[in-house]
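Per-entry structural report
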Number of protein chains: 2
Amino acid sequence: MSFERLIAKIKETKNPTVVGLDPSFSYVPQYLRDAFLPEFPDPLEGAAYAVLEYNKGIIDAICDIVPAIKPQAAYYEIYGWYGMKAFAETITYAQEKGMYVIIDGKRNDIGSTMEAYAAAHLGTVDLDGQIATPFGGDALTVNGYLGTDGISPLLKVCKEQDKGIFVLVKTSNPSSGELQDKKINKRTVYEVMGKMCETWGKELRGESGYSAVGAVVGATYPEQLSELRAKMPHTFFLVPGYGAQGGGAKDVAGAFDENGLGAIVNSSRGIICAYKKGDWAENQYAEAARAEAIRMRDDIAQFVTIK
Amino acid sequence: MSFERLIAKIKETKNPTVVGLDPSFSYVPQYLRDAFLPEFPDPLEGAAYAVLEYNKGIIDAICDIVPAIKPQAAYYEIYGWYGMKAFAETITYAQEKGMYVIIDGKRNDIGSTMEAYAAAHLGTVDLDGQIATPFGGDALTVNGYLGTDGISPLLKVCKEQDKGIFVLVKTSNPSSGELQDKKINKRTVYEVMGKMCETWGKELRGESGYSAVGAVVGATYPEQLSELRAKMPHTFFLVPGYGAQGGGAKDVAGAFDENGLGAIVNSSRGIICAYKKGDWAENQYAEAARAEAIRMRDDIAQFVTIK
């Protein structure tokens, strides 16, 4: 009902990071594209197979040292329904290798529709008595702009099926402040959203003290990270923005508690495109990803010690 | 580059409404479920076929009198990737029948990821020289919580491929006010978001005066609808909340301009489940949907005259 499974994986690997599987086609090594694209009449299908192969290589290379992956839905939807098949198969493959899967979908809607998203990405669906698992992720990113109606259907699935959500609070992009930094009375919009996360998670706290309702807080705003860490003691953070977006290990340190827990830092491009930097051959993309995952883990360990 | 194609369809049908295709499994007539579920080892696949058949029946029944459909992504994702195949096929089928397709995905993310969503739902993708169309909708609902970075990639696709977006401004659900009604200086969060829509759409206005950047404003808040109509003269409205959610024809009247344009009102359950009310047999679900679509059109026509 909370993030205890994720926290256990983080402790086991001594690594509070997650690899974002955002397979833009330009990231996929050319030899994989060439192997699959010509095999299918519909290029979307060939591309989806290339992406799945690429992902599997990365998962194989990192599954023993990284606790989680975060596939970003947009980079699968871009290959149409074939991409969603690759998305589903990537999730299953990673879980079979013992990894925790955070679906980055930033889904949001009201009541019954949000129930459908919750079932789709985290839960199960009852089809005239047959229980099926559509995508079966372990956690899902969501957008709380619609308020409690949009979040409560997820809480039920979190509780019953031991899953988690991460609500967008302070995002890592340059224009995140246009709305999020605006003040409501004396509090910023992101503080109001953060407060709502603490409320939503109240009944869903685990042994660690963290609830099943996490928050997305960008590495590119280190001051806000520390501020929110203090104000949201029961909320686990997903921290994007490390690496390619400009955040460093020192910037993310404030996201962690005194036990070195309470946050997981994402890197996508930095790891899955690591082969494009240095002397790697294309077919060493997985080794390059592993090397960069280790570098990132050790980089963060300079500032964060997991107890 | 704006909503001119949608406006033309509304004028042609004299009907400013859109049918939400939200095929929750409990909405699908039992005879269709029984026809498909047992045929497939994976119930998700059988369910997806039943949903597609259901949708086609509704589209056939309404395509000459209703300008647009709005498939809600959650109700396809719940059937896994099979559901996304039905989603893609529903979109294509409706467009072949001359309908305008608003994908209700409420997507949101930053820069490059939002580019991927834009390509996935509205645009095309270049796969080593082969141009493919992943889902090919005409418009997409989006969430603007992340600010301009999350919207600008869409504007490019709107401009180049004559598509539109609807940004969540004031949603129809009971708790929408938790964040959206809060005041930033003297303006509510939804007014700030509305203002941003006007800004984002500035360079994308069509002959009608409306831009490619529309807004979602719920029928359940009629005062805010009229207020926003006055403050957002270049922003076309998508109005959910009519019917099942409690909004009536009088409530939506304020969304329209003096020419009876400027808005399209959605009904989902009210139309696609019309067969569950009254004396319809299950296999008359499409006729029932048509009858209800006509009733809704005429209901709104009491208050709104398209010039």
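Described in the following lines is the structure provided in the data block. Please read these numbers as outputs of a predicted model, since none were measured by experiment. (Residues numbered from 1 in each chain as written. Chains lettered and ligands numbered in written order. Predicted model: local features only at pLDDT ≥ 70, side-chain atom pairs only at ≥ 80, totals over all residues. Heavy atoms only, no water.)

**Focus on the overall build of chain A**
Operational definition: Runs of E in the DSSP output that reach at least two residues are strands. Runs of H or I that reach at least four are helices, and both are numbered from the N terminus. Restricting the calculation to C-alpha atoms gives the radius of gyration, and the globule rule supplies 2.2 Å times the number of residues raised to the power 0.38. Throughout, exposure labels follow a simple rule: accessible area from a 1.4 Å probe, protein chains only, divided by the maximum for the residue type, with under 20% read as buried, over 50% as exposed, and the rest as partly exposed.
When helices and strands are counted, chain A shows 13 helices and 12 strands. Its C-alpha atoms give chain A a radius of gyration of 19 Å, within 12% of the compact-globule value 19 Å for 307 residues. Projected onto its principal axes, the C-alpha positions of chain A cover 60 × 55 × 35 Å. For chain A, with 307 residues in total, the buried portion stands at 66%.

**Considerations on the relation of the copies chain B and chain A**
As a reminder, the rule being used: The fit set for superposing copies consists of C-alpha atoms from residues with pLDDT of at least 70 in both; the fit itself is least squares. Whether two residues are in contact is decided by their heavy atoms, any of which lying within 4.5 Å being enough.
The two copies are related by a screw motion: chain B maps onto chain A through a turn of 180° and a shift of 0.0 Å along the axis, at an RMSD of 0.0 Å. Each copy turns onto its partner about a two-fold axis. Across chain B, the smallest distance between a C-alpha and the rotation axis is recorded for Ile184 of chain B, namely 2.5 Å. When you check the interface residues of chain B against chain A, 100% turn up at the interface there too, and the contact is symmetric in its surfaces.

**Some words on the pattern of salt bridges**
Rules: Take a side-chain nitrogen of Lys or Arg and a carboxyl oxygen of Asp or Glu: if they are within 4 Å of each other, that pair is a salt bridge.
Scanning the entire structure with this criterion turns up 38 salt bridges over all chains. Close ionic contact of Arg295 of chain A with Glu292 of chain A constitutes a salt bridge, the shortest N to O distance being 3.0 Å. You can see Arg295 of chain A and its partner Glu292 of chain A sitting in helix 13 (residues 285–301), 3 residues apart, about one turn around the helix. Arg295 of chain A gets classed as partly exposed once you look at its relative accessible area, which sits at 40%. Among the residues examined, Glu292 of chain A registers a relative accessible area of 17% and is labelled buried. Measuring nitrogen to oxygen at the nearest pair gives 3.8 Å for the salt bridge that ties Glu12 of chain B to Lys9 of chain B.

**Focus on the packing of helix 9 (residues 189–201) of chain B against helix 10 (residues 222–231) of chain B**
Residues and elements named next belong to chain B. Selection rule: An axis is simply a line fitted to the C-alpha atoms; with a helix, the fit covers only the stretch in contact. Between two such axes, the angle follows the N-to-C directions and lies from 0 to 180 degrees. Crossings are sorted by hand: turned counterclockwise from the far helix by less than a right angle, the near helix makes the crossing left-handed, and turned clockwise it makes it right-handed. Under the convention adopted here, Pro, Cys and the residues Ala, Val, Leu, Ile, Met, Phe, Trp and Tyr are nonpolar, Asp, Glu, Lys and Arg are charged, and Gly plus all remaining residues are polar.
One can describe the packing of helix 9 onto helix 10 by two numbers: an axis separation of 10 Å at closest approach and a directional angle of 35°. Relative to helix 10, helix 9 is oriented so that their crossing is right-handed. Residues Tyr190, Glu191 and Glu198 of helix 9 pack against Gln224, Glu227, Leu228 and Lys231 of helix 10. Residue classes in the contact of helix 9 with helix 10 are distributed as 2 nonpolar, 1 polar and 4 charged.

**Things to note about the interface of chain B and chain A**
Interface size, as often reported, equals the accessible area lost upon joining of the parts. Quick reminder of the rule: Defined here as a combined quantity, buried area equals the accessible surface (1.4 Å probe) lost by two parts on assembly, summed across both.
Residue-level contacts link 69 residues of chain B with 69 residues of chain A. Summed over both partners, the interface of chain B with chain A comes to about 5700 Å²; 61% of that surface belongs to carbon and sulfur atoms. Applying the counting criterion to the chain B and chain A interface returns 6 salt bridges. For Asp109 of chain B, the salt bridge is made with Lys106 of chain A, and the minimal N-O distance between the two is 2.7 Å.

**Some remarks on the packing of helix 6 (residues 111–121) of chain B against helix 7 (residues 148–161) of chain B**
Residue and element names in this part refer to chain B. For the record, the criterion: Should an angle fall under 35 degrees it is called roughly parallel, over 145 degrees roughly antiparallel, and 65 to 115 degrees roughly perpendicular, with every other angle called oblique.
Packing of helix 6 against helix 7 leaves a shortest axis separation of 8 Å and a crossing angle of 40°. As the angle between them shows, helix 6 and helix 7 are arranged oblique. Helix 6 and helix 7 meet at a crossing whose hand is right-handed. Taken together, the residues of helix 7 that come into contact with helix 6 (itself represented by Gly111, Met114, Glu115 and Ala118) are Asp149, Gly150, Pro153, Leu154 and Val157.

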